[in-house]
Amino acid sequence: MKIDITSLEGQADGSLELADTIFGLEPRQDLIARMIRYQLAKRRAGTHQTKGRADIARTGKKLYKQKGTGSARHGSARVPQFRGGGRAFGPVTRSHAHDLPKKVRALALRHALSSKAADGDLIVWNGASVSEPKTKVLKQRFEALGLKSALIIDGAAVEENFARAARNIPMIDVLPIQGLNVYDILRRNKLVLTKAAVDALELRFK
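Residues numbered from 1 in each chain as written. Predicted model: local features only at pLDDT ≥ 70, side-chain atom pairs only at ≥ 80, totals over all residues. Heavy atoms only, no water.

**Topic: the overall build of the protein chain**
Check the secondary structure of the protein chain and you find 7 helices and 6 strands. Secondary structure elements of the protein chain occur, N-terminal to C-terminal, as β-β-α-α-α-β-α-β-α-β-α-β-α. Rg of the C-alpha trace for the protein chain: 27 Å, well past the compact-globule value of 17 Å for 206 residues, more than 25% over. Its C-alpha atoms give the protein chain principal-axis dimensions of roughly 95 × 40 × 25 Å. For the protein chain, the residues scored as buried account for 35% of the 206 residues in total. Within the protein chain, contacts between residues separated by at least 24 positions form 70% of all contacts whose residues are at least 6 apart in sequence. (Helix = DSSP H or I, 4+ residues; strand = E, 2+ residues; numbered from the N terminus. Rg over C-alpha atoms; globule rule 2.2 N^0.38 Å. Buried < 20%, exposed > 50% of the residue type's maximum accessible area, 1.4 Å probe, protein only. Contact = heavy atoms within 4.5 Å.)

**Considering the nonpolar core**
Among the nonpolar cores identified, the biggest contains 31 residues, and Phe 23, Leu 113, Leu 180 and Leu 193 are the most heavily contacted of them. Ranked by the residues each element gives to this core, the list is headed by helix H3 (residues 102–118), at 6 residues. Those residues in contact with Leu 180 that lie beyond four places of it in its chain are Leu 109, Leu 113, Leu 151, Ile 153, Ile 185 and Leu 201. Residues Trp 125, Ala 128, Val 130 and Leu 138 belong to the second largest nonpolar core, which totals 15 residues. (Core = buried A, V, L, I, M, F, W, Y, C linked by side-chain atoms within 4.5 Å.)

**Structural notes on the pattern of salt bridges**
A complete count under the given rule lists 6 salt bridges for this structure. One salt bridge connects Asp 121 with Lys 190, and the closest N-O pair in it is separated by 3.2 Å. Here Asp 121, found in the loop between H3 and strand E3 (122–125), pairs with Lys 190, found in strand E6 (residues 190–194); they are 69 residues apart in sequence, far enough to count as distant. For Lys 190, a relative accessible area of 25% translates into the label partly exposed. Among the ionic pairs, Asp 173 bridges to Arg 188, the shortest N-O distance being 2.9 Å. Here Arg 188 lies in the loop between helix H6 (182–187) and E6 and Asp 173 lies in strand E5 (residues 172–175), a separation of 15 residues in the sequence. (Salt bridge = Lys/Arg side-chain N within 4 Å of Asp/Glu carboxyl O.)

**A closer look at the pairing of strand E1 (residues 2–6)**
Bridge analysis of E1 against strand E2 (residues 12–17) gives 4 bridges, and the strand direction is antiparallel. Residue Lys 2 lies in a different strand from E2, and its bridge partner there is Glu 17. A loop of 5 residues connects E1 with E2, the two strands running antiparallel in sequence, and Gly 10 in this loop sits at a positive phi of about 90 degrees. Here E1 pairs with E3 via 2 bridges, running parallel. Among the inter-strand pairings, Thr 6 is bridged to a residue of E3, identified as Trp 125. (Pairing = 2+ DSSP bridges.)

The structure is reproduced here in structure tokens:
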């Protein structure tokens, strides 16, 4: 598929032929959903924890004799039935991550890229650089281009002035090509790729 290339100033700068194997697939929502679930599960801290009966610092003496009191049988004050006792089946520190085959992850990324291209939300720039790290100036350019919510992907490294100018603008994310992922693609309305990013993607999925 062919797409027009523009500059950061909004000027036309030719066109580019995109690989159909990356940007021309019929988007599969099931693959994309599996990948998002994988990403969100993997980044969960999993540090929530409560104390069980073994973690409670309290005497282990039997409360009262087994028979003859007319009360229920109890052998420990640490059990969940009593105030101050441990919680039964409470959360414990663990990893929420689960496995997803590498080929499925790669395919999900291609389907996410194809989804943006199919919806007309894919933009290709000749480059992403500014002479000064001025947030105000860059924000005005984005407003002129109609970019309110966008993920901007550059080549192997993001130009420093551009990264510093863009980092304080709400709903604008800037990442190098290594950081491209399905969740960030879909959480923003527009996907902006530089020519360097497109070349790196085609090399990656060659």
